[in-house]
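If you want the building blocks of each chain, they are given just below.
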Amino acid sequence: QVQLVESGGGLVQPGGSLRLSCAASGTMFSINAATWYRQSPGEARELVAAIGSDGRSTYVDSVKGRFSISRDSARDMVYLEMNNLKPEDTAVYYCNAELYNWGSHTKANYWGQGTQVTVSS
C-alpha cells in the first residue's frame, strides 16, 4: 500500500529555516503534482504552496518570498524550503500529492501524516 511520508519538521527560532520533504513509498509510484497544506489548532487547513506536473508553482500570499516548493524527479521527492520563519507559521504541515501508478496506469490522490513545525524563541 502506497503512503506519502513527510519529514523535516521541528522547532526553530523566528528567522530560522527548515526544509520539509515528501516522498511516496513504493517503487511503482511517482509524484505528478503536490501541494503543501498546514493546519493550526482551531483553524482550517490552509494551502501553502503547490507545484504542478509542469513544474509551475503557486503560493499563499503570506509565504511568498519566504517559502519555495520544488521537486526532484530523479528521487521522486517534493520539498518545501521555508526561510525567515515566523511564529504564525507554526502548524502541522501536510503533503498532498497526485501519484501515478506505473503498474495500473492510474492516478490517485494521497495525504501524508503531517509533520509539526514550531517557530518559537
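In the block above lies the structure referred to throughout.
Quick notes on the rules
- Residues numbered from 1 in each chain as written.
- Predicted model: local features only at pLDDT ≥ 70, side-chain atom pairs only at ≥ 80, totals over all residues.
- Heavy atoms only, no water.
- Core = buried A, V, L, I, M, F, W, Y, C linked by side-chain atoms within 4.5 Å.
- Buried < 20%, exposed > 50% of the residue type's maximum accessible area, 1.4 Å probe, protein only.
- Helix = DSSP H or I, 4+ residues; strand = E, 2+ residues; numbered from the N terminus.
- Contact = heavy atoms within 4.5 Å.
- Salt bridge = Lys/Arg side-chain N within 4 Å of Asp/Glu carboxyl O.
- Disulfide = S-S within 2.5 Å.
- Pairing = 2+ DSSP bridges.
- Axes fitted to C-alpha atoms, helices over the stretch in contact; angles between N-to-C directions.

Trainee: Can you tell me about the nonpolar core, naming the residues and giving the values?
Mentor: Membership of the largest hydrophobic core comes to 28 residues, with the highest contact counts inside it found for Trp36, Phe67, Val78, Leu80, Met82, Tyr93 and Leu99. Elements that contribute at least two residues to this core include exactly strand S3 (18-24), strand S4 (29-39), strand S5 (46-51), strand S7 (67-72), strand S8 (77-82), strand S9 (91-101) and strand S11 (115-119). A per-element tally of this core places S9 first, with 5 residues. Non-local contacts of Tyr93, meaning those with residues more than four positions away in its chain, are made with Glu6, Leu20, Trp36, Tyr37, Arg38, Val48, Phe67, Leu80, Met82, Gly114, Thr115 and Val117.

Trainee: Please provide a residue-by-residue account of the pattern of salt bridges, values included.
Mentor: Counted according to the given criterion, the structure contains 5 salt bridges. Note that Asp89 and Arg38 form a salt bridge whose closest N and O atoms lie 2.9 Å from each other. Remark: Arg38 occurs in strand S4 and Asp89 occurs in the loop between S8 and S9; sequence separation between them is 51 residues. In this structure, Asp89 and Arg38 share a single accessibility class: buried. Measuring nitrogen to oxygen at the nearest pair gives 4.0 Å for the salt bridge that ties Asp72 to Arg75. Judged by relative accessible area, Arg75 falls into the exposed class, the value being 63%.

Trainee: Which residues make up the state of the cysteines, and what are the values?
Mentor: For the structure on display, the rule yields 1 disulfide. With a sulfur-sulfur separation of 2.1 Å, Cys22 is cross-linked through a disulfide to Cys95. Negative torsions about the S-S bond denote left-handed disulfides, and the value of about -80 degrees found for Cys22 with Cys95 makes this one left-handed. You can see Cys22 sitting in strand S3 and its partner Cys95 sitting in strand S9, a full 73 residues away along the chain. For the pair Cys22 and Cys95, one class covers both residues: buried.

Trainee: Can you break down the sheet that holds S8 residue by residue, with the values?
Mentor: Read across the sheet, 4 strands follow the order S1-S3-S8-S7 without closing on themselves; strand pairing throughout is antiparallel. Bordering the open sheet on either side are strand S1 (4-7) and S7, each of which pairs with just one other strand. Put simply, the sheet's adjacent strands are angled 15 degrees from each other on average, direction ignored. Pairing of S3 with S8, which is carried by 6 bridges, proceeds in the antiparallel orientation. Across the sheet, Cys22 pairs through a bridge with Val78, a residue of S8.

So yeah, pure geometry; function would need other evidence.
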